[in-house]
Amino acid sequence: MDGFRLAGALLRCLDPETAHRLTLWGLNRNWAPSAPTADDPLLRIRLWGRDFRNPLGLAAGFDKDARAVGPLLALGFGFVEVGTITPRPQAGNPRPRVFRLTEDAAVINRIGFAGDGMAAAATRLRAWREAGGEGLVGVNLGKNRDSTDAPADYAAVAGALAPYADYLVINVSSPNTPGLRALQDRRALERIVEAVAGAVSKALPRRGPPLLVKIAPDLTEADQADIAAVALSGAVQGLIVSNTTVARPADLRGRHKAQAGGLSGRPLFASSTALLADMYRLTRGKVPLIGVGGIASAADAYAKVRAGASLLQLYTALIYQGPALIPAIKDGLVQALRRDGFTSLADAVGADHRPHG
Ligand SMILES: Cc1cc2nc3c(=O)[nH]c(=O)nc-3n(C[C@H](O)[C@H](O)[C@H](O)COP(=O)(O)O)c2cc1C
């Protein structure tokens, strides 16, 4: 057993949040593998005026407070999304609130946006950039649990973090903040988008980052159509599909399967990929989509690309497979693209929707 497999096995003996804190601590002490070799040019993709060296990103929730952006990028991710970040610090729900469902390669979490708040995250990101930090960073925006003015909360975080972000995400899909997912309703979402866009153009009048919306896998068809309409109106420049699910597939086996919270990992793959395909169809391939939910292999990643994802993210599979998964997915993606005769990643995006794709 190599060092990382051993470390992973030991970490999985600990309570998930303790293991996670230790992982972030270790990453900042250079325990991670050294900088990976260059990515195959086939994996490059340009979106929103940014060049992604590969499409595989780290999903929100792993580095909520922007503590380890540099070391995480050095694992080989093409981009890292930090957050969810709220205006003020908050403690989140009582522990335990993260549960491994090992038999299902899944996790249930109900953390509820615990974090240091926007000022601390902005300080860390500024320090990282000023120290010469390079790489693409998305910032996931949230609201405080006790806030009664959601648009003002999202706008505050957007204004504070926009200078350090390659894209911003309006997260209206976490299941652990009461009332949050109702903000996916068209009128509510439009109000938030308007407030955030205003804050961004005030902070950065000319070169504001693109605005994305992260959606839940549990949306009704009417909600899906509404969100597609908002995206097609040009008010937002991309969608992230999807967050965790409140559904509990009947075949779950892990002893924690009845815990409340959002389910991620393998049991989320089918529903999140189906929603990705639906959103690609509803937006007629015109809006860049980030596919996330249950990616645990190159085949999963490639299926998301063919369903309509221009970029990909993962979280849960990293808990079970460790950082070796990142090069494995990238290598397998290159092989799949070559096998199917694609000369760029962009050509494969949405291929399943084309008659001879
Ligand atoms: C422990 C944990 C915490 C998470 N926290 C957040 C969060 O703060 N904001 C967010 O948008 N998504 C959060 N997510 C959801 C992930 O970003 C991702 O959408 C979801 O886990 C599906 O991907 P996966 O199956 O690869 O894990 C979290 C997921 C996990 C497992």
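Residues numbered from 1 in each chain as written. Predicted model: local features only at pLDDT ≥ 70, side-chain atom pairs only at ≥ 80, totals over all residues. Heavy atoms only, no water.

A.B. asks: Even after reading the chapter, I still don't get helix α11 (residues 325-339), so can you show me in this structure?
C.D. replies: The end-to-end C-alpha distance of α11 is 21 Å, a good match for the 21 Å that 15 residues give at a rise of 1.5 Å each. Of all the residues in α11, the buried ones are Leu 325, Ile 326, Ile 329, Lys 330, Gly 332, Leu 333, Val 334, Ala 336 and Leu 337. Structurally, α11 contributes buried residues whose contacts are with β3 (56-58), α9 (298-307), β13 (311-314), α10 (316-321) and α12 (345-348). (Helix = DSSP H or I, 4+ residues; strand = E, 2+ residues; numbered from the N terminus. Expected span 1.5 Å × (residues − 1). Buried < 20%, exposed > 50% of the residue type's maximum accessible area, 1.4 Å probe, protein only. Contact = heavy atoms within 4.5 Å.)

A.B. asks: Please explain the site of the ligand as it appears in this structure.
C.D. replies: What surrounds the ligand is a group of 24 residues, the closest being Ala 60, Thr 84, Gly 265, Gly 294 and Thr 316. Note that an oxygen atom of the ligand is positioned 3.1 Å from one of the backbone N or O atoms of Ser 242. Within the backbone of Tyr 315, an N or O atom sits 3.0 Å from an oxygen atom of the ligand. Protein contact buries 98% of the 610 Å² of open area that the ligand shows by itself. Elements that contribute at least two residues to the shell around the ligand include exactly β4 (79-85), β6 (106-109) and β11 (262-265). Among the residues making up the shell around the ligand, the classes are represented as eight nonpolar, 14 polar and two charged. (Near = heavy atom within 4 Å. Polar contact = N/O pair within 3.5 Å; in protein donor to acceptor, adjacent residues only side chain to side chain. Areas by Shrake-Rupley, 256 points an atom, 1.4 Å probe, with all protein chains shown as cover. Nonpolar A, V, L, I, M, F, W, Y, C, P; charged D, E, K, R; others polar.)

A.B. asks: Quick question: what am I supposed to make of the packing of aromatic side chains here?
C.D. replies: The description of an aromatic ring pair uses the distance of the two centres, along with the angle that the planes make with each other. All chains considered together, the criterion is met by five aromatic pairs. Ring centres of Phe 52 and Phe 79 lie 5.3 Å apart, and the angle between their planes is 90°; on these two criteria the pair is classed as edge-to-face. Of this pair, Phe 52 sits in strand β2 (residues 50-52) while Phe 79 sits in strand β4; the two residues are 27 residues apart in sequence, bridging distant segments of the chain. Ring centres of Phe 79 and Tyr 167 lie 6.1 Å apart, and the angle between their planes is 65°; on these two criteria the pair is classed as edge-to-face. You can see Phe 79 sitting in strand β4 and its partner Tyr 167 sitting in strand β8 (residues 167-171), a full 88 residues away along the chain. Here Phe 79 matches Tyr 167 in class, with each residue buried. Of the aromatic side chains, those joined through ring pairs into one cluster are Trp 48, Phe 52, Phe 79 and Tyr 167. (Phe/Tyr/Trp six-rings, centres within 6.5 Å; stacked < 30°, edge-to-face > 60°.)

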